[in-house]
Amino acid sequence: MGMTMTQKILAAAAGLDSVKAGQLIEAKLDLVLGNDVTTPVAIKEFNKIGIDKVFDKEKIAIVPDHFTPNKDIKSAEHCKMVREFSHNMEIKNYFEVGQMGIEHCLIPEKGLAVAGDVVIGADSHTCTYGALGAFSTGVGSTDMAAGMARGVAWFKVPSAIKFVLKNKPAKWISGKDIILHIIGKIGVDGALYKSMEFVGDGLKYLSMDDRFTIANMAIEAGGKNGIFPVDEKTVEYMKEHSSKEYKIFEADADAEYDEVIEIDLSSLKPTVSYPHLPENTKTVDEAEGLKIDQVVIGSCTNGRFSDLKIAAEILKGKKIDPSIRCIILPGTQAIYLQCVKEGLAEIFVEAGCAFSTPTCGPCLGGHMGILAKGERALSTTNRNFIGRMGDPLSEVYLCSPAVAAASAIHGKITDPENA
Amino acid sequence: MKVCGTVFKYGDNIDTDVIIPARYLNSSDPKELAKHCMEDAIHSSVKFADNVKEGDIIVAEKNFGCGSSREHAPIAIKASGISCVIAKTFARIFYRNSINIGLPILECDEAAEDIDMGDKVEVDFDTGVIKNLTKNKTYKAEPFPEFMQEMFSAGGLVEQTKSKLGIK
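These numbers were taken from a predicted model, which means no experiment stands behind them. (Residues numbered from 1 in each chain as written. Chains lettered and ligands numbered in written order. Predicted model: local features only at pLDDT ≥ 70, side-chain atom pairs only at ≥ 80, totals over all residues. Heavy atoms only, no water.)

Before going further, it helps to spend a moment on the overall build of chain A. Tallying secondary structure elements over chain A gives 14 helices and 18 strands in all. At 20 Å, chain A has a C-alpha radius of gyration in line with the 22 Å of a compact globule built from 419 residues. Overall, the C-alpha framework of chain A stretches about 60 × 50 × 40 Å when taken along its three principal axes. Here chain A holds 419 residues, and 64% of them are scored as buried. Counting contacts in chain A only where the partners sit at least 6 residues apart, residues at least 24 apart contribute 77% of the total. For chain A, the accessible area works out to roughly 14400 Å², and carbon and sulfur atoms hold 49% of it. Averaging the locations of the 45 positively and 55 negatively charged side chains of chain A gives two centres separated by 1 Å. (Helix = DSSP H or I, 4+ residues; strand = E, 2+ residues; numbered from the N terminus. Rg over C-alpha atoms; globule rule 2.2 N^0.38 Å. Buried < 20%, exposed > 50% of the residue type's maximum accessible area, 1.4 Å probe, protein only. Contact = heavy atoms within 4.5 Å. Areas by Shrake-Rupley, 256 points an atom, 1.4 Å probe, with all protein chains shown as cover. Lys, Arg positive; Asp, Glu negative; His and termini not counted. Charge placed at Lys NZ, Arg CZ, Asp CG, Glu CD.)

Pasting the structure below:
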């Protein structure tokens, strides 16, 4: 029996000819990632192991992005601990404030993940790099510690669901609408423990940024990873950003899937997830008119240049509704700089938006845009759980950058077609 | 090994933001995290942190621990004194984090459906038998996979890593 794309990558990393779903393996890691929230716990566990060196100082990336620039004294202590550890271990890919970005925007941009890699990150959205044809998945801090020590991790080989994306996406349809639609269809545990493989003729219409967004939210359907086949766009992206050697894996023609789901991209409408689960989706026409207090555009899901570009196109020459706040956070310093150079920064500031340094900040209720009791945010982030962006009695609605920008102008959820 | 305790019962999709809200993640001290464990379970009739005792048990329905990879979630639960979590299913990162840090978790549909808040429950990890002492009923959980038993007996992933590196 054939293997899925994920199974082939895992088999190679485990030094096996083949693997099958359910098998427990130990795989070699090409990258181990952590942030300022998860790395302190990993350091404590690493120190318990009793070694003074990491397995490979080139293959670890540490990105303080969650509560940075340091939001309070306790966070500053965590960041200090992470900084000192990175220094002592001579970790090459430590990114200080001023260099750092939101980790899942930064890692591909810096060329640290490429096709065929096996990546673990102590952050659930590590699944983002599946867009590049890598096996990439979120783990906890102890896994990160063990990964830093030995350069391996244990995995249960996943089965897979194949998503066949067909046709050209309708107007305004972005990667975000596609993945929200899918999560709405299969539920927040619809792909529990499984790979989500995205294939089909519709892929040729999806930019790398769209693919990053889709792979990023595989975890929101419970998926172990999301993965895309490598095509010309992937190769072009990797050539531009990375000098690492990449390896292209393809699913076998006779690979077995638990399910095959077809999505007609031409029939989708912009999609909004209602509180308090990403699966509570409605189309924007059903949500239109709902009053909001805050708009957030950014995050590891939608903080890339093309996300901000579409927001800028909609906001150009307009003002945001005076009753709301609109916070725009670019994913990396390079994206920030590009926004400045290409005039997006000016559009945002002229429109009355707060435009600031990269941080995960408000997405997880850290800082830079926390909600009060009863407040409602429309956000391009990835989770709308109870209390996610602030008070447990606040609400988060998820959407694409286009819907967020259109809604910011009107102070209520708005179809970008009517912006 | 057997554990016995009073049950805190929850529904579907209890996410890690509910288990330990991010506003407390500026600490990684287990005792500090335990103070805020399940704080945003706003629909629960019982306030977890004020009532939990050593040995108590969490029972939930499907997809327990979904969302963020924060190990702070199973750490907070373990530091609260919880001896076992039973659910229909667990989100995968929570599942592996629990195994890695040695928080016992069991998947059992019947127990998850039948057990109520406040029931007294006994769990035998060797046999997978869950006894509801309040309702006088018995359920059978999936036994731990062999791999997981090995990890538990090694004392978690850190201990296993030490032994693989030949560190005593």
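A word on the sheet that holds strand β2 (residues 57–60) of chain B. Strands pair in a sheet through their backbones, by hydrogen bonds, and they do so in one of two ways: parallel or antiparallel. Residues and elements named next belong to chain B. Sheet architecture is open: 7 strands sit in the order β4-β3-β2-β1-β5-β6-β7, paired in mixed fashion. The open sheet has two edge strands with one neighbour each: β4 (105–107) and β7 (137–140). Direction aside, neighbouring strands of the sheet carry axes that sit 30 degrees apart on average. (Pairing = 2+ DSSP bridges. Axes fitted to C-alpha atoms, helices over the stretch in contact; angles between N-to-C directions.)

Our focus in this paragraph is the sheet that holds strand β3 (residues 60–63) of chain A. Residue and element names in this part refer to chain A. Sheet architecture is open: 5 strands sit in the order β4-β3-β2-β5-β6, paired in parallel fashion. This sheet does not close on itself; its edge strands, each paired only once, are β4 (93–94) and β6 (135–138). Summarising the sheet, strand β2 (residues 31–35) and β3 pair through 4 bridges and their orientation is parallel. Pairing of Val 32 across the sheet is with Ile 60, part of β3. Running over the sheet, helix α5 (residues 141–150) touches β2, β3 and β5 (118–121) and is turned about 140 degrees from β2.

By themselves, these are just geometric observations and shouldn't be taken as functional.
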